[in-house]
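For reference, the chains in residue letters:
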Amino acid sequence: MILWLIGISGAGKTTIGRRLETYLNEKGIRNYLLDGDEVRDLFDRDLGYSDADREANIKRIMLGAYLLDRTGTFGIICNIGPLEHLRALARRKIPGYHEIYLKKDLQISMKNDVKGVYQANLGKTQIVGLDASFDEPKHPDLVLEVDQMTEEETFQAVIDYIEHLPSTESGL
């Protein structure tokens, strides 16, 4: 199973992903969390933040997700995933693909700026949701309005989603 957490910077993708990783580890389920920043680091940040570079990085992440799915590893993918055509491609190519949209208001993300992404990059590079596009998901498996939920409620909603899938799909 591949659980791809999408949403703008500051939506809580990595936070929820790390909690899910701990949860799965406690249950003895083989898993791997693949974060978009980790992929950039692996390739010595050879890609910038242009549309073409973002697309290339997402395709690298998709390959990782595909391989995790093929090996029976529960993949937790934490990536903005701004482009609908690439999410559709992932859905077509990765049999175990599940998309969870952590929907976050841009103004709240900018105000909170947990990782300093907005402050550090404003005016220097394109920021998804601000001056780089974020396509509203057309077919997410679950949408969570994270501004109206606590971290615990968001995490529990993800767990509830997974636990209601057939065990052959989720591995639980």
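Residues numbered from 1 in each chain as written. Predicted model: local features only at pLDDT ≥ 70, side-chain atom pairs only at ≥ 80, totals over all residues. Heavy atoms only, no water.

### Overview of the overall build of the protein chain
Our working definition: Helix numbers and strand numbers start at the N terminus; a helix is a DSSP run of H or I with at least 4 residues, a strand a run of E with at least 2. Here, residues are in contact when the closest pair of their heavy atoms is within 4.5 Å. Here the accessible surface of atoms and residues is derived via Shrake-Rupley with a 1.4 Å probe, and residues count as covered only by protein chains that are part of the display.
Along the backbone of the protein chain there are eight helices and five strands. Within the protein chain, contacts between residues at least 6 apart in sequence are counted, and of these 77% link residues at least 24 apart. With the model as given, the accessible surface of the protein chain reaches about 8900 Å², and the carbon-plus-sulfur share is 51%.

### Observations regarding the pattern of salt bridges
Our working rule: By definition, a salt bridge exists where a carboxyl oxygen of Asp or Glu is found within 4 Å of a side-chain nitrogen of Lys or Arg.
Across all of its chains, the model carries 12 salt bridges by this definition. Taken together, the shared-partner salt bridges connect Glu-84, Arg-87, Arg-91, Glu-99 and Asp-141 into one network.

### A short note on the nonpolar core
Spelled out, the test is: The definition of a nonpolar core used throughout is a set of buried Ala, Val, Leu, Ile, Met, Phe, Trp, Tyr and Cys residues joined through side-chain atoms within 4.5 Å. Burial classes follow relative accessibility: with a 1.4 Å probe on protein chains only, a residue under 20% of its type's maximum area counts as buried, one over 50% as exposed, and anything between as partly exposed.
Within the largest apolar cluster, 25 residues are counted, with the highest numbers of intra-cluster contacts made by Leu-3, Leu-20, Phe-74 and Ile-100. Taken together, the elements giving at least two residues each to this core come down to strand S1 (2–6), helix H1 (13–26), strand S3 (74–78), strand S4 (97–103), strand S5 (142–145) and helix H7 (151–163). The next biggest cluster of nonpolar side chains, apart from the first, holds 20 residues, and it includes Trp-4, Ile-6, Leu-34 and Ile-77.

### Here's the deal with the packing of aromatic side chains
Keep this limit in mind: Under the pairing criterion, centres of Phe, Tyr and Trp rings, with the six-membered ring standing for Trp, must be within 6.5 Å; the plane angle then separates stacked pairs below 30 degrees from edge-to-face pairs above 60, leaving the rest tilted. Remark: a charge is flagged as sitting over a ring if the NZ atom of Lys or the CZ atom of Arg is within 6 Å of the ring centre and within 35 degrees of the ring normal.
With the rule as written, the count across this model stands at three aromatic pairs. Between Tyr-23 and Phe-155, the ring centres sit 6.1 Å apart and the planes meet at 80°, which makes this aromatic pair edge-to-face. Linking Tyr-23 in helix H1 with Phe-155 in helix H7, this pair joins segments that are 132 residues apart in sequence. Overall, the relative accessible area of 16% leaves Tyr-23 in the buried class. Here the guanidinium or amino end of Arg-19 rests over the ring plane of Phe-155, the centre of that ring lying 4.3 Å away. The aromatic ring of Tyr-49 is capped on one face by Arg-40, whose charged end is 4.0 Å from the ring centroid.

### Digging into the packing of H1 against H7
Working note: a packed helix pair is described by the angle between its axes plus the distance between those axes. Our working rule: Simply put, an axis is a line fit to the C-alpha atoms, just over the touching stretch for a helix, and the angle between two N-to-C directions goes from 0 to 180 degrees. Each angle gets one of four labels, with under 35 degrees taken as roughly parallel, over 145 as roughly antiparallel, 65 to 115 as roughly perpendicular, and the rest as oblique. Rotating anticlockwise by less than a right angle from the far helix to the near helix defines a left-handed crossing, while the corresponding clockwise rotation defines a right-handed one. The nonpolar class holds Ala, Val, Leu, Ile, Met, Phe, Trp, Tyr, Cys and Pro. Asp, Glu, Lys and Arg form the charged class, and all remaining residues, Gly among them, are polar.
Across the interface, H1 lies against H7 with an axial gap of 10 Å and an inter-helix angle of 55°. Relative to H7, the element H1 is oriented oblique. By crossing handedness, the relation of H1 to H7 is classed as right-handed. On H7, the residues that touch Thr-15, Ile-16, Arg-19, Leu-20 and Tyr-23 of H1 are Glu-151, Glu-152, Thr-154, Phe-155, Val-158, Ile-159, Ile-162 and Glu-163. Taken together, the residues of the contact of H1 with H7 sort by class into seven nonpolar, two polar and four charged.

### A word on H1
Rules: A helix's residues, less one, multiplied by 1.5 Å, set its expected span. Our arc is simply the arc of the directions from the helix axis toward the C-beta atoms.
Given a rise of 1.5 Å per residue, 14 residues ought to cover 20 Å, and the 20 Å separating the end C-alpha atoms of H1 matches this to within 8%. Burial in H1 covers these residues: Lys-13, Ile-16, Gly-17, Leu-20, Glu-21, Tyr-23 and Leu-24. Taken down its axis, H1 places every buried residue within 165° of arc, on the same side. Of the residues flanking the end of H1, it is Gly-28, one or two places downstream, whose phi is positive at about 75°.

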